[in-house]
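So the chains spell out like this:
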Amino acid sequence: MKYENSLTFARQMDEKDELRAYRSQFHLPIQKNGQAYVYLCGNSLGLQPKTVEAALQQELLDWKNLGVEGHFHAKNPWMPYHEFLTHAMAKVVGAKPEEVVVMNTLTVNLHLMMVSFYRPKNKRNKILIEADAFPSDKYAAESQIRFHGLDPKECLIELKARPGEVCLRHEDIQQVIENQGDEIALVMLGNTNYYTGQYFDIKKITEWGHAKGCFVGFDCAHGAGNMPLNLHESNCDFAVWCNYKYLNSGPGGMGGAYVHERHHHDAAIPRFEGWWGHNKTTRFKMRDAFDPMPTTEAWQLSNPPILAMAAVWASLKIFDEAGMDRLRKKAIALTGYMEFLVKSLGDDVINIITPSDPKQRGSQLSIQVKNADKKLFEIITEKGVIADWREPDVIRVAPVPMYNSFEDVFNFYEILKRAIIN
Ligand SMILES: *Cc1c(COP(=O)(O)O)cnc(C)c1O
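Residues numbered from 1 in each chain as written. Predicted model: local features only at pLDDT ≥ 70, side-chain atom pairs only at ≥ 80, totals over all residues. Heavy atoms only, no water.

A.B. asks: Mind laying out helix α4 (residues 81-93), listing which residues take part and the relevant values?
C.D. replies: Taking the largest bend as the criterion, α4 deviates by roughly 35°, centred on His87. For α4, every residue scored as buried is listed here: Tyr81, His82, Leu85, Thr86, Ala88, Met89, Ala90, Val92 and Val93. Where α4 is buried, its residues contact α2 (52-66), β4 (100-103), α10 (231-234), β9 (238-242), α11 (306-322) and α12 (324-343). At the C-terminal side of α4, Gly94 shows a positive phi close to 70°. (Bend = angle between axes of the 7 residues up to and from the residue. Helix = DSSP H or I, 4+ residues; strand = E, 2+ residues; numbered from the N terminus. Buried < 20%, exposed > 50% of the residue type's maximum accessible area, 1.4 Å probe, protein only. Contact = heavy atoms within 4.5 Å.)

A.B. asks: Break down the site of the ligand for me, citing the residues and quoting the values.
C.D. replies: Taken together, the residues surrounding the ligand are Leu106, Thr107, Phe134, Asp137, Asp219, Ala221, His222, Tyr244 and Lys245. Take Tyr244: an N or O atom from its side chain is 2.5 Å from an oxygen atom of the ligand. Contacts to the ligand include Lys245, whose side-chain N or O atom sits 2.5 Å from an oxygen atom. For the ligand, whose free accessible area comes to 390 Å², the fraction covered by protein is 83%. Residue composition of the shell around the ligand, grouped by class: 4 nonpolar, 2 polar and 3 charged. (Near = heavy atom within 4 Å. Polar contact = N/O pair within 3.5 Å; in protein donor to acceptor, adjacent residues only side chain to side chain. Areas by Shrake-Rupley, 256 points an atom, 1.4 Å probe, with all protein chains shown as cover. Nonpolar A, V, L, I, M, F, W, Y, C, P; charged D, E, K, R; others polar.)

A.B. asks: Talk me through the packing of α12 against helix α14 (residues 406-421); I want residue IDs and the actual numbers.
C.D. replies: The contact between α12 and α14 brings their axes to 10 Å, and the two run at 20°. Regarding the angle of α12 to α14, the classification is roughly parallel. The crossing of α12 and α14 is right-handed. From α12, Lys330, Ala333, Leu334, Tyr337, Met338, Leu341 and Val342 reach across to α14, where they touch Phe406, Val409, Phe410, Phe412 and Tyr413. (Axes fitted to C-alpha atoms, helices over the stretch in contact; angles between N-to-C directions. Parallel < 35°, antiparallel > 145°, perpendicular 65-115°, else oblique. Left-handed = near helix turned anticlockwise from the far one by under 90°.)

Here's what the structure looks like:
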């Protein structure tokens, strides 16, 4: 695509954007001067859909008027409530509805999945993760290793970028799996990487891991609602994600989990179990031995928090309508425009550590500003940009296709340029 460095061009792009109307379905944070912020933090906490308030009100009203009867007689009965979300959730992550469930929060789900898919045995007792994995993922993996009486120093293999490089190379990941696969019980990578914005090829990594007899799972916190994940087709064993980043379900909002259907009827898979994973037709008889749902719902523990669930559902309805294909198409153009503008500041001033190949990234650029410190970030915040700063010198920005405009991207660039020149 041919981009131009002008506000007129940005506005023309917005006029042509078939998703432009979605911006008005979200609340944009407002500055003290009454203007909306340029919000580029949807990779950290997505904005509030305007429909969320009414969705929560509905559940409060039904609770108020019906009490426990709401489980069956609420407008959206609470008993099967999670099922209302499944179809749209499955579409977002590219899975069969039976393979997906909205439950718990991300790190909780990661633990539940590791209970099932990290089963160290003899020499095959290791977990492969990224060296710069999100801290929670690393803590979770290390504590699982210790839970099995093993030592993380020996059992955690960390994938490191080559000296002088920031992103991992796929051929290096393949090499490690090739060389050490016989000792790896679980390959568990983030997808997309939260720091660099690098996307990993789920299908290929799964193939490499499976060829060596490893289980392969992904943390898609930064992938869900951002990239076309095609989880089913990619054949990975499990995936987990949160719904509050690109998926706009509110602070601390609920997570999701995917388990490939081939594991649904495998009685040998260990699992931490609770009543919501029990066959729903007999769940309330209470006395039966555990009879798991024949779907990923078997991993559910508790009856879910309906208020939190209502927010996820409100957001998923918007995703279902906009569609991941159209969102992805816009994301490529929008992130490409951001890259084009930022690069015009010159290689001597900035370095984008996110891969330049659109296939290897989603809606995020991690921009390193030479010789900058946090003051630069404070200036752009004061000028109306909400972004994210990572020590020592990286600004992370996410122009998300759902509600960001090309004009947002241009405004960010202008503010950054002025802050750097000053
Ligand atoms: C955001 C994020 C988390 C946060 O975990 P919670 O359990 O939702 O608090 C964990 N891992 C990754 C990779 C993330 O991006």
